Amino acid sequence: MPNIIEIQNLKKQYPNFALSEISFSLEEGSIMGLIGENGAGKTTTLKAMLGLIQKDGGSVRLLGKELCMQNKREIFEQIGVVFEQAGFHDSLRAPQISAILANTYKNWDKALFSRYLCRFSLPLDKPIKHFSTGMKRKLALGAALSHHPKLLILDEATSGLDPIVREEFLDIFLEFIQREECAILISSHITSDLDKIADNITFLHQGHLVFSKNKDMLLEEMGVLKCPLSKLSNLPKDQAVRYRKNQFGAEVLLTDKKKFLQENPSAIVDPVSTEEIMLFYARGQAL
């Protein structure tokens, strides 16, 4: 399938932070989870992709086109965006938002927006300033979906929501992706949500790309070795990348657990989750 997102060597420099040559791609019909600790560069990446901040290098292609001033409006017609903070003025009510967005998007679907309002049990007569965090996030998602986008870009869209609402959002994401020409890029700290829905994981750490891989292949390849501290110096550096100490010795993140077990059949290697991988890089030490 063709790529709906293509990022090559994306860079952004701040006085105390640098986004360093981030590259990844997302196929149509796929969901990508963007993970990393606070300050890793996830929101900076999304904003630079969308032209909300000026990038300092690299290229961005969305829906097969290089993002530039000449085609930005055309591309944005096909993108739905939800950031952690809703972008609507607090004094507005849902019908007013619908009227505003009808003048913004050629394909705005008032009836579809009304169905989302009903599905989310959102009031029509209450200003947004009286909405809870969950209600604001529901409103933003409904608005993002109601102009029939091909690409959803979500920054911490499920953060701060209770498990029931989060599950409802995940169901909606899976419904959206049933259209094979669509795709979702979702940044999230809640890796358990991504474990449920993501096809690919892109991991940023301190502004650098650690990997961008198929999630199932990633979890199949990686593992956690349990061993005494005295064994750390003997581990192959191309397979054992990070470690954490514990009261029994050490846990080591392996990049190729099958190869390691072939060479060390008596070793104890456990499966790993996306959350554990992130913790190894954020809080572990390099070998």
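It should be emphasised that the depicted structure is a prediction, and the values quoted were computed from it without experimental measurement.

**Student:** Can you walk me through the environment of Glu 6 in this structure?
**Tutor:** Summarising the element assignment, Glu 6 is placed in strand 1 (residues 3-14). Judged by its relative accessible area of 29%, Glu 6 falls in the partly exposed class. Sequence separation of Glu 6 and Ile 277 is 271 residues, and the distance between their C-alpha atoms is 24 Å. Not counting residues within four places of it along the chain, the set of residues in contact with Glu 6 comprises Phe 24, Ser 25, Ser 59, Val 60 and Arg 61. At a separation of 3.2 Å, a polar atom in the side chain of Glu 6 contacts the side chain of Asn 3.

**Student:** Help me understand the packing of helix 5 (residues 133-145) against helix 6 (residues 163-176), please; the structure alone is not making it clear to me.
**Tutor:** In helix packing, the relevant descriptors are the interaxial angle and the interaxial distance, both defined with respect to the helix axes. At a minimum axis separation of 12 Å, helix 5 and helix 6 run at an interaxial angle of 5 degrees. Between helix 5 and helix 6, the angle falls in the class roughly parallel. On helix 6, the residues that touch Arg 137, Lys 138, Leu 141 and Leu 145 of helix 5 are Val 165, Glu 168, Phe 169, Ile 172, Phe 173 and Phe 176. Class assignment of the residues belonging to the contact of helix 5 with helix 6 gives a composition of seven nonpolar, no polar and three charged.

**Student:** Would you mind going over the sheet that holds strand 11 (residues 223-227) with me for this structure?
**Tutor:** Backbone hydrogen bonds are what pair the strands of a sheet, in a parallel or an antiparallel way. Strand order in the open sheet made by the five strands is 14-11-13-12-15, with antiparallel pairing throughout. At either margin of the open sheet sits one strand with a lone partner, and together these are strand 14 (268-270) and strand 15 (285-286). Judged from the five bridges that link them, strand 11 and strand 13 (residues 249-254) form a sheet pairing that is antiparallel. Of the residues in strand 13, the one forming a bridge with Leu 225 is Val 252. Of the strands in this sheet, strand 11, strand 12 (240-246), strand 13 and strand 15 are in contact with helix 10 (residues 274-283), which crosses strand 12 at around 85 degrees.

**Student:** Explain the environment of Met 1 here, please?
**Tutor:** Turning to its location among the elements, Met 1 is positioned in the segment before strand 1. Judged by relative accessible area, Met 1 falls into the exposed class, the value being 56%. On a C-alpha basis, the gap between Met 1 and Ile 128 in space is 40 Å, while along the polypeptide they are 127 residues apart.

**Student:** Looking at this model, I keep getting lost on helix 5. Mind explaining?
**Tutor:** Side chains three or four residues apart in an α-helix point the same way, a direct result of the helix having 3.6 residues per turn. End to end, helix 5 covers 19 Å across 13 residues, agreeing with the expected 18 Å (1.5 Å per residue, within 8%). By the criterion of burial, helix 5 is predominantly enclosed, with eleven of the 13 residues buried. In this fold, the buried residues of helix 5 make contact with strand 6 (79-82), helix 3 (94-102), helix 4 (110-119), strand 7 (151-155) and helix 6.

**Student:** Explain the side chain of Arg 166 here, please?
**Tutor:** Relative to the helices and strands, Arg 166 is located in helix 6. Ignoring anything within four residues of it in the chain, the contact list for Arg 166 reads Thr 158, Leu 161, Ile 190, Ser 192 and Asp 193.

**Student:** I would appreciate a short explanation of the nonpolar core in the present structure.
**Tutor:** Soluble, globular proteins show a tendency: their nonpolar side chains are buried together. In this structure, Leu 139, Leu 141, Leu 154, Phe 173, Ile 184 and Ile 277 are the most contacted members of the largest nonpolar core, which totals 53 residues. The greatest single-element share of this core, amounting to seven residues, is contributed by helix 5. In this structure Leu 141 touches Val 82, Phe 120, Leu 154, Phe 169, Ile 172 and Phe 173, once residues within four positions along its chain are discounted. In terms of nonpolar packing, the next biggest core, distinct from the first, is built from 28 residues, Ile 5, Met 32, Ala 40 and Leu 67 among them.

**Student:** What exactly am I supposed to notice about the packing of helix 4 against helix 5 here?
**Tutor:** Running from N to C, helix 4 and helix 5 point in directions that differ by 155 degrees, and their axes come no closer than 9 Å. Comparing their axes, helix 5 and helix 4 come out roughly antiparallel. Taken as a pair, helix 4 and helix 5 cross one another with a handedness that is right-handed. In this structure, helix 4 uses Leu 112, Phe 113, Tyr 116 and Leu 117 to contact helix 5, whose residues at the interface are Leu 139, Gly 142, Ala 143 and Leu 145. When grouped by side-chain class, the residues that make up the contact of helix 4 with helix 5 number seven nonpolar, one polar and no charged.

Cut-offs and rules
- Residues numbered from 1 in each chain as written.
- Predicted model: local features only at pLDDT ≥ 70, side-chain atom pairs only at ≥ 80, totals over all residues.
- Heavy atoms only, no water.
- Helix = DSSP H or I, 4+ residues; strand = E, 2+ residues; numbered from the N terminus.
- Buried < 20%, exposed > 50% of the residue type's maximum accessible area, 1.4 Å probe, protein only.
- Contact = heavy atoms within 4.5 Å.
- Polar contact = N/O pair within 3.5 Å; in protein donor to acceptor, adjacent residues only side chain to side chain.
- Axes fitted to C-alpha atoms, helices over the stretch in contact; angles between N-to-C directions.
- Parallel < 35°, antiparallel > 145°, perpendicular 65-115°, else oblique.
- Nonpolar A, V, L, I, M, F, W, Y, C, P; charged D, E, K, R; others polar.
- Pairing = 2+ DSSP bridges.
- Expected span 1.5 Å × (residues − 1).
- Core = buried A, V, L, I, M, F, W, Y, C linked by side-chain atoms within 4.5 Å.
- Left-handed = near helix turned anticlockwise from the far one by under 90°.

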